[in-house]
Structure formats: C-alpha cells, structure tokens
Amino acid sequence: MDNEKNETLGRAWTEATSGARRRSRETPIGSVRIGGTNSVAVQSMTDRDTNDTQACIAQIGRIREAGCRIVRLTTQGLREAASMQTIAGEVRRRWPDTALVADVHFLPQVADAVASCADKVRINPGNYNDRGGNFEALLEKCRQNGTTLRIGVNHGSLSPRMAARYGDTPEGMVESAMEYLRVCRQEGFDRVAVSMKSSNTRVMVHAYRMLVAAMHLEGMDFPLHLGVTEAGSGREGRIKSAVGIGALLADGVGDTIRVSLTEPPENEIPVARSIADYFAARTAAPGMQRRGQDALRTPFSYSRRPTVAVGRVGGEGIPLLRTELTPDECMALREGRIALLDATGDNPVEAWREAIARMDACGDRRPVLLKRSYADDLPDLTIKAAADFGVMFIDGLADGIWIESDRGAAQDELDGIARDILQASRARMSKTEFISCPGCGRTLYALQDTLAAVKERLSHLKGLKIAVMGCIVNGPGEMADADYGYVGAAPGRISLYRGREAVRRNIPQEEAIDALIELLRSDGRWTDPE
C-alpha cells in the first residue's frame, strides 16, 4: 500500500473512531438487533452435524441457556439447507428470541436456498467468488425474506483473483469485502454485517481497522462482527480471543463478537460475555476522548516504537516480564531510565497511549514497561489483562509487562498469563502455538480429544505453530499462519500439511500424530521432550 493511500486511510480511521464507539447502522438479525446503540451482542456456533436436527436443536438450547441469542450452523450443501429449515421452525417455536445464521462457503445455490429460513446468511467472498453465483439475486432473496447478509472474509481463503493482486494481506481481505459491499449499496440492500477473521491477531486487527477506514471513506456504516478464528482451547484460546477482540473494542469498534474455542460451544459464552461487559462500562464513560491516537503511527501494520535500550529492555530486544529483569535493569526502572506506566483508571489503553504520545512528542525514547493491578479472580483477571495489554504489543508500543493481582494470585500464574499475552499479540514466542478450529457440523473427527492428544505430544516444541483443523474448508486456507497442519480429510482420515502444502494425504487417524512427528523429524524441527 503506497504512502498516500496509507495516510488517507489513517485519517479516516481516526475520524471513524473519534467518539466512544464507532457509529454503525442498526441492523436486525431475526428478533435481535445489532449495531446502533445496542449493546455488543454475543454469537456462537453449533458443532453438531446439521443433518442431526435434534442434536443441533438441543445444543442451541444449551447455547441460549448460557446467554447467547445468535447461533450459527454450517450449511455446506442442499441437504443441510433443508435440515436448517427444520431446525429454524423448531427454534422459532421454542425460543422466538433466538436468531439463526446459516454458514455457507462454496455453493451459491445453498445461500439462495437458506435465505428463506435463516435470519442471517454468511458467505465468504473467497469461496463464493467465481462459482457461478448471482450475488444480486441473493440480495433480492434476502430482501424478500427479511434476511440479513454477513460478508465474512477469512485470512488465508481469499479468492485466487484477490490473492494474485494483493497477496495474503489485510489489504486483500478488505478489498474482498468492499467489492461486495459496493454491490450491496448499488442494489439498495443495507441489512449487512461484515467480519475480517484471522488466527493471527495482528492480521485480524489490521484488517478490521483498514476496513473501518475504507468504509468511512465511502460513507458506509455497516456493523462489524469480531472474532479471532481458530483461537484454540484453554487459557491460550481465551487470551488470544481477548487480545484480538479487545484490541478493537478498545477503540469502540465492534457490534457482535464470537470467541472461537475448541471446546463445547456453550463454554464460549461466559468468555465472550466477560469481554463485552468489560468494555461496556468503559465505552459508556463520560468524557472519554481519543487523546492517545497519536501513539498509533501505523494502525494498519506492525511497527515497533523506537527506543534506546537499557540493558535488554527496549531497542531490538523482545518484551520482558517484570520478574525477568536483572538487578541492574530493576535499578534502571527505579531510577526512571525505563519508563513505568502504571494504569489505575477505567481505561488503561487510553492512559498508556496518551502517556506514550506525550513521551514521543518531547523526544523521550525511554523503553516502556506497562503495569496494571487487578482485583479479580484468576479467570476474569486473565480476560481483562489480555484485553488491556494485548493491543499495546500488537501496536509495538511497549517493551515490558507487569501484571499484579490484588487477590494474591501466584506469581507463576501471572507470569504464565503475561507470556501468553505476548505470544497471542505476536510480540514474543515462548512455547508451541496451537491453531485449532472450534469445530462445526463439517468436523470429521473428535476434535477436542485430538487437540488434547496433539498438545500432549508436541507442546514442548517452542515457537512452532501447529494447526489442528476439523475439515478441508477451515483447513489449508484458514490455517495460513501455521507451520504444520493436521487436517480432517474424510471420516477417520487425516492429511498433513507443511504450510499450505499437503505432504501426506488420507492417513488413518490412529497413525496421524506419529506421522506428524516423523514429518517434523525429517524437516529438522523435532526435539525430544526433556
């Protein structure tokens, strides 16, 4: 992207986020309304075969009971589209306050079919493109049925045409969405939401920011659905989701969110609710200003704030934990040669950004260590710290992290959370990263059990990124950031990938982990656990 375009988009980003919350159009999804002045809504997705209608209905009930009123189901074929009709009828009879979303990837005729029964249809431009679909006809079907459309772009699954022009970049993701949004506007269709998902939080954040700017320049105010795709499980999955989603909610961007965990979908809801609630009070705070925006020199790409190193802190060094500082570095911190920014108010991101902007304005190039204390139990502390600190490291504004607990949490727990935040924000890799989808009706094996088995065998491989994906739809493309992939190919069969290259296909599942280890060994990427 040339400098002039980057500067234009940068100004548009600042204008679009100049208030407490980005202004978006109120949009109905069935009985649920998103955008406008509505609270940030929480979404989830079933992980059952859509043709098993009773299992899907039961799971939708559990998701709803957990506090979610927007539920997505995969509709990869016409048979699933017919099953969606059955599910929709029963859900509307039992739970009329619950909205259903049909997830369509490859077949335009499926989108046409489900537009009559789903409250929202999601298409991926990268898969929908060049497959004979008539997008204008889909819009007309949606208009006739009062159906909302979600244009859901995923990193790694851009159309060949977009990938050839832009590469696998946030700019390509944005242009994929804008191409469709312009058609929506030309056709006078405004029941639209947009998403820009990636398993890489930097890519995700940069793509959403660029989309906000691009829409602002063209007078578009469509609501945004946020999510880090393939976030994984356990603490790592929760932190990764909170880092990416929190980075955008911190600037008032986002109308619906989904936390994608490789766990039962009802587990996603408390995490998503915690993230949304944490920012709800913040965005409503009177007099909130965007004073710290000057600290964001490059909102659409990574840039490390230049500092003069003090020992290992700052300069080109990796961000450090407070407990990792040497005695000399601790002395430098006490003497003020390392700037300690301790945020105690309701909006730490703005406080930290404003302080750094003031430092930059007067030529102060000291490295920065960020500090915040939390009076929460460990699960809530984890989510809040990830949402607070993550964006600062995505934007390269800090050189160290210091998390404190007012409830006496163990130091090793706090250090583990800090390391996971740095890893999730791509600032420092300290262990294996597992990229895994949450599972859906397309999943071809016991995903949660398999992820646990892969973690048990491979979690000692520091710095390696390994994807565990349920099917080929969310496999080769959407694991774009992974070094290696374990992908469902057929029931009981797995294909192994090196990057996006399939190196072994259709391995019996019981042999697949051993085969993955042999691939790592042959590539010189394997070490025996200590």
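Fair warning: this is a prediction, and the values are worked out from it, not measured in the lab. (Residues numbered from 1 in each chain as written. Predicted model: local features only at pLDDT ≥ 70, side-chain atom pairs only at ≥ 80, totals over all residues. Heavy atoms only, no water.)

1. Details of the confidence of the model for the protein chain
Summarising the model, the protein chain shows a mean pLDDT of 92, and 95% of its residues fall at 70 or more. In the model, residues 284-289 has pLDDT below 50 throughout and makes 7 contacts with residues more than four positions away in sequence or in other chains. (pLDDT = per-residue confidence, 0-100. Contact = heavy atoms within 4.5 Å.)

2. Things to note about the pairing of strand β6 (residues 120-123)
Here β6 shows two buried faces, one formed by Lys-120 and Arg-122 and the other by Val-121 and Ile-123. Across 4 bridges, the pairing between strand β5 (residues 99-104) and β6 is parallel. Within β6, the position partnered with Ala-102 by the bridge is Val-121. A crossover connection joins β5 to the parallel β6 through helix α4 (residues 108-114); in handedness this β-α-β unit is right-handed. Bridge count for β6 against strand β7 (residues 148-154) is 4 bridges, and the pairing is parallel. (Buried < 20%, exposed > 50% of the residue type's maximum accessible area, 1.4 Å probe, protein only. Helix = DSSP H or I, 4+ residues; strand = E, 2+ residues; numbered from the N terminus. Pairing = 2+ DSSP bridges. Right-handed = clockwise from strand over helix to strand, strands pointing away.)

3. Quick word on the packing of helix α8 (residues 170-186) against helix α9 (residues 201-217)
One way to put it is that α8 packs onto α9 with a least axis distance of 9 Å and a crossing angle of 40°. As the angle between them shows, α8 and α9 are arranged oblique. By crossing handedness, the relation of α8 to α9 is classed as right-handed. Contact residues: Pro-170, Glu-171, Met-173, Val-174, Ala-177, Met-178 and Leu-181 in α8; Val-203, His-206, Ala-207, Met-210, Leu-211, Ala-214 and Met-215 in α9. Residue classes in the contact of α8 with α9 are distributed as 12 nonpolar, 1 polar and 1 charged. (Axes fitted to C-alpha atoms, helices over the stretch in contact; angles between N-to-C directions. Parallel < 35°, antiparallel > 145°, perpendicular 65-115°, else oblique. Left-handed = near helix turned anticlockwise from the far one by under 90°. Nonpolar A, V, L, I, M, F, W, Y, C, P; charged D, E, K, R; others polar.)

4. Regarding the packing of aromatic side chains
According to the stated counting rule, one finds 4 aromatic pairs in the structure shown. Taken together, a centroid distance of 4.8 Å and an interplanar angle of 40° make the contact between Trp-352 and Phe-389 tilted. Linking Trp-352 in helix α13 (residues 348-361) with Phe-389 in helix α14 (residues 378-394), this pair joins segments that are 37 residues apart in sequence. Judged by relative accessible area, which is 1%, Trp-352 ranks as buried. Look at Phe-389 and you get buried, because its relative accessible area is 0%. The interplanar angle of 75° and the centroid separation of 5.7 Å between the aromatic rings of Tyr-445 and Tyr-486 together place this pair among those described as edge-to-face. On the criterion of sequence distance, the pair formed by Tyr-445 in the loop between β15 (433-436) and α16 (447-458) and Tyr-486 in strand β17 (residues 484-490) is long-range, its members being 41 residues apart. For the residue pair Tyr-445 and Tyr-486, the accessibility class agrees, reading buried in each case. Sitting over the face of the ring of Tyr-302, Arg-202 holds its NZ or CZ atom 3.5 Å from the ring centroid. Between the NZ or CZ atom of Arg-322 and the centre of the ring of Trp-402, over which it lies, the distance is 5.1 Å. (Phe/Tyr/Trp six-rings, centres within 6.5 Å; stacked < 30°, edge-to-face > 60°. Lys NZ or Arg CZ within 6 Å of the ring centre and 35° of its normal.)

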